[in-house]
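Residue strings, one per chain:
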Amino acid sequence: RFLVDPVPAPTPDRAAAEPPVPIAERPVVTLPDAVAECALNSLRLKAGIERVRTAQADFVSESLIPNPQLMADAQLLPLSGLSFDHQAGPPQYDAALTVPVDWFLFGKRVAARAAAKLAIDAAEAEYADLLRREIAATVDVFYDALEADIAVRLAEQDVAALKELEKSALARAKEDAKSSVEVRRVRLAVL
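Our subject in this report is the structure included herewith. Note that this is a predicted model, so its numbers are computed, not measured.

This part is about the overall build of the chain. Within the chain, the secondary structure is distributed over 6 helices and 2 strands. Element order for the chain, N to C, with α for helix and β for strand: α-α-α-β-β-α-α-α. Counting over 191 residues, the chain shows a buried share of 15%. The long-range fraction of contacts in the chain, counting pairs at least 24 apart against all pairs at least 6 apart in sequence, stands at 66%. Of the roughly 15,100 Å² of accessible surface on the chain, 62% is carried by carbon and sulfur atoms.

As structure tokens, this is what we get:
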């Protein structure tokens, strides 16, 4: 929910404090930091919130009463030369005012508002699901990165232990010529 609500304005005592440290410059990135950073910068989530805003704008548009239309027209104006083929008569001016009442009589506006409200609910549900999936993917990747980091550290420890074993095997090989096979096996393990 903290990702959906707008960020509150800082209080005066908080404004004087130091600005937040960017994620890239922190020594340790926590799971909430990673989720906030990934979710707030996700283009999919920004597109999802724009779909919600579009559905809300459609609801406002459907809530409006249709405008009346005025059409003015002029006919038989003698703008060109008069002849037997191009006859003219007295100029005729028309004005037509149309006021739509079907929105009121047949309930079209109420039905359109109900459909627009359902579209808002659907867009919000889609956004919530998108947010849930984005957070779940971020958590999965965060734990995968932690697991990979631990695996690298364990592999470095294994290599360090094998190098120590290689040193002791080389020292023993200097004393005994038969242990050269052991030195090759340890070198192969280090590689």
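The discussion continues.
Evaluation of the coordinates by the stated rule reveals 2 aromatic pairs. For the pair Trp-103 and Phe-104, a centre-to-centre distance of 5.8 Å together with 65 degrees between the ring planes defines the contact as edge-to-face. On the basis of an interplanar angle of 75 degrees and a centroid distance of 5.8 Å, the ring pair of Phe-142 and Tyr-143 is categorised as edge-to-face. Note on Phe-142: relative accessible area 15%, which makes it buried.

Formed by Ala-39, Leu-45, Val-52, Ala-55, Ile-120, Ala-123, Tyr-127, Leu-130 and Leu-131, the largest nonpolar core amounts to 9 residues. Mapped by element, the contributors of at least two residues to this core are α3 (43-63) and α5 (108-175). Top element by residues in this core is α5. It accounts for 5 residues. Leu-130 has contacts with Arg-44, Leu-45, Gly-48 and Arg-51, leaving out every residue within four places of it along the chain.

For the rest of this paragraph, the subject is the pairing of strand β1 (residues 69-75). In terms of burial, β1 is largely open, as just 0 of its 7 residues are buried. Looking at chain direction, β1 and strand β2 (residues 92-98) are connected through 7 bridges and run antiparallel. Within β2, the position partnered with Met-71 by the bridge is Ala-96.

A word on the pattern of salt bridges. Here the structure, examined in full by the defined rule, presents 10 salt bridges. With a closest N to O distance of 3.1 Å, Asp-149 and Arg-153 form a salt bridge. Of this pair, Asp-149 and Arg-153 both sit in helix α5, separated by 4 residues, roughly a single helical turn. Relative accessible area serves as the criterion here: at 33%, Asp-149 is assigned to the partly exposed category. Two residues, Lys-167 and Glu-164, come together in a salt bridge whose shortest N-O distance is 3.8 Å. On the criterion of helical spacing, the pair formed by Lys-167 and Glu-164 is a turn pair, its members being 3 residues apart in helix α5. Under the relative-accessibility criterion, Lys-167 is labelled exposed at 55%. What makes Glu-164 partly exposed here is its relative accessible area of 49%. The network of salt bridges with common partners includes Asp-129, Arg-132 and Arg-133.

Taking 1.5 Å per residue as the helical rise, α3 with its 21 residues ought to reach 30 Å, and the 30 Å between its terminal C-alpha atoms agrees with that figure. Every buried residue belonging to α3 is among Leu-45, Gly-48, Val-52, Ala-55 and Ser-63, and all of these are buried. Across the axial projection of α3, the buried residues extend over an arc of 80 degrees, all falling on one side. Of the residues in α3, the exposed ones pointing more than 90 degrees away from the buried face are Leu-43 and Val-60. Contact partners of the buried residues in α3: α2 (31-40) and α5. Between the side-chain oxygen of the N-cap and the backbone nitrogen of Arg-44 there are 3.3 Å, and the N-cap of α3 in question is Ser-42.

Analysis parameters
- Throughout, a residue's number is its position along its own chain's written sequence, starting from 1.
- Residues qualify for local features only when their pLDDT is at least 70, as the model is predicted, and side-chain atom pairs are given and counted only at 80 or more; totals for whole chains, interfaces and linings, by contrast, use all residues.
- Think of the side-chain values as coming from all heavy atoms in the structure, minus any hydrogens and water.
- Secondary structure elements follow DSSP: runs of H or I of four or more residues count as helices, runs of E of two or more count as strands, with numbering from the N terminus.
- Summary of the burial criterion: residues with accessible area below 20% of their type's maximum are buried, those above 50% are exposed, and those between are partly exposed, where the area comes from a 1.4 Å probe applied to protein chains only.
- Contact between two residues is taken to exist if any of their heavy atoms lie within 4.5 Å; hydrogens are not considered.
- Per-residue accessibility takes into account occlusion by the displayed protein chains alone, with areas from the Shrake-Rupley method and a 1.4 Å probe.
- Two rings from Phe, Tyr or Trp (for Trp, the six-membered ring) form a pair when their centres sit within 6.5 Å of each other. Planes less than 30 degrees apart are called stacked, planes more than 60 degrees apart edge-to-face, and all others tilted.
- We define a nonpolar core as any set of buried Ala, Val, Leu, Ile, Met, Phe, Trp, Tyr and Cys residues linked to one another through side-chain atoms lying within 4.5 Å.
- In this scheme, strands are said to pair when DSSP sees at least two bridges between them.
- Salt bridges, as used here, are contacts in which a Lys or Arg side-chain nitrogen is within 4 Å of a carboxyl oxygen on Asp or Glu.
- In a helix, the anticipated span is given by 1.5 Å times the number of residues less one.
- This arc describes the spread of directions from the helix axis toward the C-beta atoms.
- Here a polar contact means two N or O atoms within 3.5 Å. Within protein one must be a hydrogen donor candidate and the other an acceptor candidate, and residues neighboring in sequence count only if both atoms are side-chain atoms.

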